[in-house]
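# Architecture and fold: a report
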Amino acid sequence: MKEISIGKLAYSKLFLHLAKYPQLSCNGILLSKPSKNSSVKFVDCVPLFHSSFTLAPAFEIALSQIDSYCQQNGLVISGFYHAFDNNNQTEPNMMCYKLAEKLKENGDVSFCLIVDNSKINPSNREPCFNVYSFGDDQKLKKFPGNLNLEEGTYETCEKLLEENRFSLINDFDNHLDDVKKDWRNLKLNENISAVESLSAK
Amino acid sequence: MRYEAKEDYHSALEIYESILEEDETNAHVLKRRLVCLKAQNRINDYVRELNEYLKLFQADHEAWLELCDTYLNEMDFAKAAFCLEELILMYPHNHVYQQRYADIKYTQGQFDLAKTYYLYSLKLNPNNVRSLYGLLLTTANLKSSQKTKEGSDNTKLNLWAREQIEKKYNDVDSDKNLIDSVNSLFQYLTIGKNEK
């Protein structure tokens with residue numbers, strides 16, 4: 001049975017992406033270090049789009065560049081997250097299914113994290129998403145294994161929200177509108193590490 | 001609207017219906033009624049009602065955009081393309097609509113048409129990065145022989161798009177890793193004998 005854990009950086013960036021576009025759907029790719037055992041740890045995430053998710057060209061460009069970024073940093077694409085704009089939608093839809101299939105074709109693991117909008121409150125102390133993966137019947141099912149979060153993740157997210165850092169995150173849509181905006185969010189990564197050390201007890 | 005905020009859509013809809021009985025063409029109320037449907041995730045009803053609304057208010061470009069987005073979410077590309085065609089008829093000089101139409105055509109696999117519309121979009125705004133990338137993708141996917149005029153045109157366009165994109169990244173002083181990512185993308189998408 002696989003175990004999934006998600007690092008502070010990945011969770012915080014996911015959170016900030018959702019905070020930046022609360023009225024829209026958002027999605028992004030999750031990256032992890034390749035591991036030989038059956039556990040997966042998401043160490044980073046790349047926010048992708050907040051509009052027009054089903055259009056191929058931007059997606060192909062994004063995945064290509066992320067692939068190359070992964071090779072530079074020894075990571076693999078291991079899943080994606082999606083947040084619906086409708087409060088009540090929590091199951092993956094056709095688009096999520098197709099994307100999960102596509103990612104699985106190109107790698108071994110493919111997890112689909114669907115954000116549950118009722119749990120995004122910063123004072124919440126449980127993960128704000130549900131994890132889905134492919135079962136034996138090729139359908140997306142809720143992942144039965146354990147989900148661990150790095151310690152201090154929720155506190156970091158709260159602090160980032162208080163300081164309005166969500167305006168700093170750039171997704172691929174922002175990058176395509178203005179090439180200066182870095183979808184890798186390297187500066188933000190440093191910021192988040194700085195906040196981590198402040199909120200460490 | 002207060003009922004909407006409380007998610008009591010039934011009461012909200014009753015109030016809107018009573019207002020519409022007095023005035024059938026109250027656009028504001030018609031839109032609020034549509035939004036109630038969307039919030040309840042009744043997509044089929046939403047699409048049907050939005051189509052009815054657009055028969056009354058054909059010039060409402062935001063509504064056309066909304067319908068287009070809804071069709072895209074349902075992956076109904078043909079109907080989404082139709083919505084954008086209406087928008088392009090209304091605003092032929094808007095490079096964003098041309099580029100988005102090209103995106104839909106690309107997703108449907110109609111690379112020829114996609115290329116044409118990316119070129120229109122770039123004629124209107126040569127700085128549209130999505131169109132530049134789109135042009136790169138379509139010319140790479142249109143695998144015509146190099147010897148025909150069309151083939152050599154594709155190669156020239158591909159090269160031009162690549163140069164424009166490189167120039168953009170260099171203009172903003174992107175760091176080496178990002179440029180490397182972009183270059184590896186180019187290697188994958190370049191056509192012609194002289195691949196770097």
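### Things to note about the environment of Tyr53 of chain B
All names here are of chain B. Note on placement: Tyr53 falls in helix α4 (residues 43-56). Tyr53 gets classed as buried once you look at its relative accessible area, which sits at 4%. Distance from Tyr53 to Leu34, taken between C-alpha atoms, is 9.0 Å for residues 19 residues apart in sequence. Beyond its immediate chain neighbours, meaning those up to four positions away, Tyr53 contacts Ala27, Leu30, Lys31, Leu34, Asp60 and Ala63.

### Points about the packing of aromatic side chains
Residues and elements named next belong to chain A. One pass over the full model with this rule turns up 16 aromatic pairs over all chains. Measuring from centroid to centroid gives 6.2 Å for Phe42 and Phe111, while their planes differ by 85 degrees, and the two rings are edge-to-face. With a gap of 69 residues between them, Phe42 in strand β3 (residues 39-49) and Phe111 in strand β5 (residues 111-115) connect regions that are remote in the sequence. Judged by its relative accessible area of 1%, Phe42 falls in the buried class. What makes Phe111 buried here is its relative accessible area of 3%. For the pair Phe172 and Trp183, a centre-to-centre distance of 5.7 Å together with 45 degrees between the ring planes defines the contact as tilted. A residue pair is termed long-range when its members are at least 10 positions apart, and Phe172 in helix α5 (residues 172-177) and Trp183 in the loop between α5 and α6 (186-199) qualify at eleven residues.

### Points about unusual backbone geometry
Negative phi characterises most residues that are not glycine, and trans characterises most peptide bonds. Phi at Asn185 of chain A takes a positive value of approximately 55 degrees, unusual for a residue other than glycine. Mapping Asn185 of chain A onto the fold places it in the loop between α5 and α6. The phi dihedral of Met75 of chain B falls on the positive side, at around 60 degrees, and the residue is not glycine. Structurally, the position occupied by Met75 of chain B is in the loop between α5 (61-73) and α6 (77-90). Here Met75 of chain B falls in the partly exposed class, since its relative accessible area comes to 25%.

### Brief notes about the interface of chain B and chain A
Contacts between the two partners involve 31 residues from chain B, matched on the other side by 30 residues from chain A. Together, the buried faces of chain B and chain A total about 2,600 Å²; carbon and sulfur atoms form 56% of this surface. Among the residues chain B hides against chain A, the three largest losses belong to Met75, Arg130 and Leu178 of chain B. Together they make up 22% of the total. Viewed at the interface, chain A and chain B are joined by two salt bridges. Residues Arg130 of chain B and Asp173 of chain A are paired through a salt bridge, measuring 3.2 Å at the closest nitrogen-oxygen approach. In this assembly, chain B and chain A are joined by ten residue pairs in polar contact (both at pLDDT 80 or more). At the level of secondary structure, the elements contributing two or more residues to the side of chain B that touches chain A comprise α3 (27-39), α5, α7 (95-108), α9 (129-141), α10 (149-171) and α11 (176-189) of chain B. Considering each element in turn, the side of chain B that touches chain A owes the most residues, eight residues, to α11 of chain B. Here the side of chain B that touches chain A is composed, by residue class, of 16 nonpolar, six polar and nine charged.

Parameters at a glance
Residues numbered from 1 in each chain as written. Chains lettered and ligands numbered in written order. Predicted model: local features only at pLDDT ≥ 70, side-chain atom pairs only at ≥ 80, totals over all residues. Heavy atoms only, no water. Helix = DSSP H or I, 4+ residues; strand = E, 2+ residues; numbered from the N terminus. Buried < 20%, exposed > 50% of the residue type's maximum accessible area, 1.4 Å probe, protein only. Contact = heavy atoms within 4.5 Å. Phe/Tyr/Trp six-rings, centres within 6.5 Å; stacked < 30°, edge-to-face > 60°. Buried area = accessible area lost by both parts, 1.4 Å probe. Salt bridge = Lys/Arg side-chain N within 4 Å of Asp/Glu carboxyl O. Polar contact = N/O pair within 3.5 Å; in protein donor to acceptor, adjacent residues only side chain to side chain. Nonpolar A, V, L, I, M, F, W, Y, C, P; charged D, E, K, R; others polar.

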